[in-house]
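Geometric and topological summary
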Amino acid sequence: MENNTTTESNLTAEQHRLKMQRRKEVQDQRVAERNQTKGLIIVNTGNGKGKTTAALGMVLRSLGHGYRVAIIQFIKGAWEPAEKAVFSKWPEQLEFHALGEGFTWETQDRDRDIEKTRESWNLALTFIRNSEFKLILLDEINIAIKMGYLPVEDVLAGIAEKAEDTHIILTGRGAPQALIEQADLVTEMSLIKHPFREQGIKAQPGIEF
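My aim in this report is to walk through the structure given alongside it, one point at a time. (Residues numbered from 1 in each chain as written. Predicted model: local features only at pLDDT ≥ 70, side-chain atom pairs only at ≥ 80, totals over all residues. Heavy atoms only, no water.)

1. A look at the overall build of the protein chain
- A count of helices and strands for the protein chain gives ten helices and six strands.
- By residue count, 36% of the 209 residues in the protein chain fall in the buried class.
- Summarising the internal contacts of the protein chain: among those between residues at least 6 apart in sequence, 77% fall at separations of at least 24.
- Approximately 12,800 Å² of the protein chain is accessible, and the part contributed by carbon and sulfur atoms is 51%. (Helix = DSSP H or I, 4+ residues; strand = E, 2+ residues; numbered from the N terminus. Buried < 20%, exposed > 50% of the residue type's maximum accessible area, 1.4 Å probe, protein only. Contact = heavy atoms within 4.5 Å. Areas by Shrake-Rupley, 256 points an atom, 1.4 Å probe, with all protein chains shown as cover.)

Put into structure tokens, the structure is as follows:
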């Protein structure tokens, strides 16, 4: 049996045109049947790189539409990332708060980590409950849940308070199953190769931060 590449390459121009026309008709019908909208619970998890980066792409889109957006960074706050400098250009639309003090192996103080995580979550709730915000990014909150700094039950109850059309993105590896089940969109980033692990290359500006 020929593979798809071989079959496609053997089509005449007219056969290809008819095939693409049928595909478009099917796709148009699918789009027409799916005409509902709702605020989504989005989870970016997995061991691969790109969870926060993908979420920030959605943030940028939302800002482009003129929506109000809130970003709460759990864990990463001490880094003062370059993203914060870029997004500061939207002061009227964007609330950016990095309240963590770095990863726990930097602080070496579990009680302090829990305190800062709770502070971050309480601030996040004020945005979740504010219907003016169209998109809320809870960056690295999955790590905070995984490490026991924040009960998953509290997070599930909190995001359930959002407005009907508000989207919430939760990033970080190790997302709990209960959160995955409640989410509308879940993406798992798979780690295949990483320059730090294979080549000993350190984190670099513009790529990691």
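2. Considerations on helix α8 (residues 152-159)
- Of all the residues in α8, the buried ones are V152, V155, L156, G158 and I159. Down the axis of α8, the smallest arc covering the buried residues is 165°, so these residues share one side.
- Elements in contact with the buried residues of α8: β1 (41-45), α6 (110-128), α7 (141-146), β5 (167-171) and α9 (177-182). (Arc of directions from axis to C-beta.)

3. A look at the environment of I169
- Along the polypeptide, I169 turns up in strand β5.
- Here I169 falls in the buried class, since its relative accessible area comes to 0%.
- A C-alpha to C-alpha distance of 8.2 Å links I169 and L40, two positions 129 residues apart in sequence.
- Excluding residues within four positions of it along the chain, I169 makes contact with I42, N44, A55, M58, L135, I136, L137 and L138.

Just distances and angles here, no functional claims.
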